[in-house]
Amino acid sequence: MSTTPHLDVLIIGAGLSGIGTACQLARQFPDKEVAILERRDRLGGTWDLFQYPGIRSDSDMLTFGYKFRPWNDRKVLADGGSIRQYIADTAAEHGIDEKIHFGMQVVRADWSTAQSQWTVTAVHEASGETRSYTCGYLVSCTGYYDFDRGHEPTFPGAGEFEGLVVHPQRWPEDLDYSGKKVVVIGSGATAVTLVPSMAGTAEHVTMLQRSPSYVLSVPAVDSISGVLNRFLPDSWVYAISRQRNILVHRGLYLACRRWPRTMRRFLLSQVRRKVGPNVDMSHFSPTYMPWDERLCAVPNGDLFDALASGAASVVTDHVDRFTPRGILLESGQELEADVIITATGLKVQMLGGLKLFVDGEAKELHDQLTYKGVLVEGVPNLAWIFGYTNAPWTLKSDIAGEYLCRLMQQMDDAGHTVATPRDEEGSRLDIGMLDQLQSGYVQRAKDTLPRQGSKEPWKVLMHYGRDCRMLVEEPIDDGLLHFESPATTLTTA
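Note that the structure is predicted; figures quoted are calculated from it, not measured.

### Points about the packing of helix α1 (residues 16-28) against helix α10 (residues 393-414)
α10 packs onto α1 with a crossing angle of 35° between their chain directions and a minimal axis gap of 9 Å. Here the hand of the crossing between α1 and α10 comes out right-handed. Contacts from Leu16, Ser17, Thr21, Gln24, Leu25 and Gln28 of α1 reach α10 at Trp393, Thr394, Ser397, Asp398, Gly401, Glu402, Leu404, Cys405, Met408 and Gln409. The residue inventory of the contact of α1 with α10, partitioned by class, reads six nonpolar, eight polar and two charged.

Structure follows, in structure tokens:
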């Protein structure tokens, strides 16, 4: 008798997407056997991994939190510890915390048409033991980056530097930077979070950037919702405020795409008001237009306050080499440093690095189309949850979870066991799903990300309203999703 555990649904990853998807499945299908394989020893994903000073969301929590479990704190951009606790509380509330297998690195997933199931191979990292699971449906909630290592360029002379070099993805628990000179290399979300968080404790913090990013100041506290709470029930305030923020996010993005020069002037003018006359605006004037790369959000302009106070500064230049005392720039200037933080970005990885096979044939995501941004063309019973890059991640992961519940309900009602998207109209384009973004991590991963097609449902929309219609409202059976029952599978095997 086989001792391999069999699940109806197996989810990989116990982060924001994995817990949210598991909770939705548990709510709709209390009798289904659902489990999560998580490589780390605690749930939380990103919000357990990153421990650098000031770690927080870069999206407002009303839309970054789950639709089915309101975020009730008035803090707009929450700290990492609070977000992890919110995920943990959500898991416990729905009994999902008891369904997580920790310390499991998934290395391989094999689909068998004859058996209509996946066999998933994982390694228990603490013991080195290999374990197998079978499941009817496999859901990847591993995010989009490599948890083992970030993007770390090779800097000439790095071995000569006598201080400490730290990547934010591997922040030492005992790092003491008080009274020290710190240089943060980077200008993205991590850098603009680190600089104000370390300023004041460090002797001085310098943000060294090759090129500027757009930085947008947002309120630290949602005062409007606080006022509404005096007159309206909490549930009403949450619904109103969440919808308001969704519209604001979408409106800002569309305005940037439609009127880029006007929005550029607007974004730069709000920076100019915050930093004051003593900060060179060239450090905040990107050469690209807004939303060619993601905007960086800072609560109450804390980055600008740190710069205006003199506790931090910005240098725009290129690294020539590391020296024993710091960094020599191409301009000839040398930045002295005791600690150098390489906030140089993420390394993109799909499916947590697992190898995917269908009836013995290897499948690579970059060779496949994405279907509705949730399923994968030509791969049966596989979903992968990928959130928005131009809006809060969870908006998309929430409705992707709703879609999976609708899909599985229809399969159960019709007696189907297999669902496979097929591109029978030849809509494939050799365009990656995020090619519209010019961010470094996206450009480095152009050959890693799935392809998209010329029209829906193969086209990646990055549009919450249209995705809601496609995933939550439109019929599941669209002629492109092919279903099979046990009898059909047996006949064709």
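Resuming the write-up.
### Topic: the confidence of the model for the chain
Segments scoring low in pLDDT should not have their predicted coordinates read at a detailed level. Mean pLDDT for the chain: 90, with 96% of residues reaching 70 or above. Under a pLDDT of 50 for its full length, residues 489-493 has, in the predicted model, eight contacts with residues more than four places off or in other chains.

### Observations concerning the nonpolar core
The biggest cluster of nonpolar side chains holds 143 residues, and the ones touching the most others in it are Ile19, Trp118, Phe284, Leu375 and Leu407. With ten residues, the single largest contributor to this core is α10. Contacts of Leu375, omitting those with residues within four sequence positions, involve Tyr137, Leu369, Thr370, Leu382, Ala383, Trp384, Tyr403, Leu404, Leu407, Pro421 and Leu481. Counting 13 residues, the second largest nonpolar core, distinct from the first, contains Ile327, Leu335, Ala337 and Ile340.

### Examining the sheet that holds strand β7 (residues 164-166)
Two modes of strand pairing occur in sheets, parallel and antiparallel, and in both the strands are linked by backbone hydrogen bonds. The five strands are arranged β7-β16-β8-β9-β12 in an open sheet whose pairing can be described as parallel. At either end of the open sheet lies a strand with only one pairing partner, and these are β7 and β12 (312-316). On average, each strand axis in the sheet is inclined to that of its neighbour by 20°, with strand direction left out of account. Inspection of the sheet shows strand β8 (residues 181-185) paired to strand β9 (residues 204-209) by five bridges, in the parallel sense. Considered in β9, the bridge of Val183 is made with Thr206. Strands β8, β9, β12 and β16 (339-342) of the sheet are contacted by helix α5 (residues 189-198), whose axis makes an angle of about 165° with β9.

### Focus on the state of the cysteines
Enumeration over the complete set of coordinates arrives at zero disulfides. Of all cysteine sulfurs, the one in Cys23 lies closest to Cys405, which takes part in no disulfide; the gap is 11 Å. Taking relative accessible area as the criterion, Cys405 reaches 4% and is therefore assigned buried. The thiol of Cys468 is not disulfide-bonded; the next cysteine sulfur, from Cys405, is found 15 Å away.

### Regarding a negative patch on the surface
On the surface, Glu473, Glu474, Asp477 and Asp478 cluster together into a patch of negative charge. With respect to the element layout, Asp477 can be found in the loop between α12 (464-473) and β25 (481-484). Classification of Asp477 by relative accessible area gives partly exposed; the value is 47%.

### Section: helix α8 (residues 260-275)
Between its first and last C-alpha, α8 extends 22 Å over 16 residues, near the 22 Å set by a 1.5 Å rise per residue. Looking at α8, one finds that the buried residues are Met263, Leu267, Leu268, Gln270, Val271 and Val275. Down the axis of α8, the sector holding all buried residues measures 155°, keeping them to one side. Looking at α8, the residues exposed on the side facing more than 90 degrees away from the buried face are Arg261, Arg265 and Arg273. As for α8, its buried residues are in contact with β10 (215-218), α7 (234-258) and α9 (302-309). The first or second residue beyond α8 is Gly276, which carries a positive phi of 85°.

### Notes on the side chain of Ser213
Counting through the fold element by element, Ser213 comes out in the loop between β9 and β10. In this structure the side chain of Ser213 is engaged in a polar contact, spanning 3.0 Å, whose partner is the backbone oxygen of Ser187. Those residues in contact with Ser213 that sit more than four places away from it in its chain are Ser187, Gly188, Phe284, Pro286, Tyr288 and Cys296.

### So, the packing of aromatic side chains
For the structure on display, the rule yields 19 aromatic pairs. A centroid spacing of 4.8 Å and a plane angle of 10° characterise the contact between Tyr145 and Phe147, whose relative ring orientation is stacked. With a relative accessible area of 6%, Tyr145 lands in the buried category. Classification of Phe147 by relative accessible area gives partly exposed; the value is 24%. Connected via pairs of aromatic rings, a cluster forms that spans Phe50, Tyr52, Tyr144, Tyr145, Phe147, Trp384, Phe386 and Trp393. Positioned over the ring face of Phe29 is Lys32, at 5.1 Å from the centre of the ring.

### Here we look at the environment of Val106
Positionally, Val106 belongs in strand β4 (residues 104-112). Take Val106: its relative accessible area is 7%, and that puts it in the buried class. C-alpha separation for the pair Val106 and Gly13, spaced 93 residues apart in sequence, amounts to 9.6 Å. Leave out the neighbours within four places in its chain, and Val106 touches Ile12, Leu37, Val120, Thr121, Ala122 and Leu354.

### Notes on α1
Compared with the 18 Å implied by 1.5 Å per residue over 13 residues, the 19 Å span of α1 between its first and last C-alpha is a close match. Within α1, ten of the 13 residues are buried, which leaves it mostly tucked inside the rest of the structure.

What counts and what doesn't
- Residues numbered from 1 in each chain as written.
- Predicted model: local features only at pLDDT ≥ 70, side-chain atom pairs only at ≥ 80, totals over all residues.
- Heavy atoms only, no water.
- Axes fitted to C-alpha atoms, helices over the stretch in contact; angles between N-to-C directions.
- Helix = DSSP H or I, 4+ residues; strand = E, 2+ residues; numbered from the N terminus.
- Left-handed = near helix turned anticlockwise from the far one by under 90°.
- Contact = heavy atoms within 4.5 Å.
- Nonpolar A, V, L, I, M, F, W, Y, C, P; charged D, E, K, R; others polar.
- pLDDT = per-residue confidence, 0-100.
- Core = buried A, V, L, I, M, F, W, Y, C linked by side-chain atoms within 4.5 Å.
- Buried < 20%, exposed > 50% of the residue type's maximum accessible area, 1.4 Å probe, protein only.
- Pairing = 2+ DSSP bridges.
- Disulfide = S-S within 2.5 Å.
- Patch = residues over 30% accessible without salt bridge, like charges linked within 9 Å, V, L, I, M, F, W, Y side chains within 5 Å.
- Areas by Shrake-Rupley, 256 points an atom, 1.4 Å probe, with all protein chains shown as cover.
- Salt bridge = Lys/Arg side-chain N within 4 Å of Asp/Glu carboxyl O.
- Lys, Arg positive; Asp, Glu negative; His and termini not counted.
- Charge placed at Lys NZ, Arg CZ, Asp CG, Glu CD.
- Expected span 1.5 Å × (residues − 1).
- Arc of directions from axis to C-beta.
- Polar contact = N/O pair within 3.5 Å; in protein donor to acceptor, adjacent residues only side chain to side chain.
- Phe/Tyr/Trp six-rings, centres within 6.5 Å; stacked < 30°, edge-to-face > 60°.
- Lys NZ or Arg CZ within 6 Å of the ring centre and 35° of its normal.

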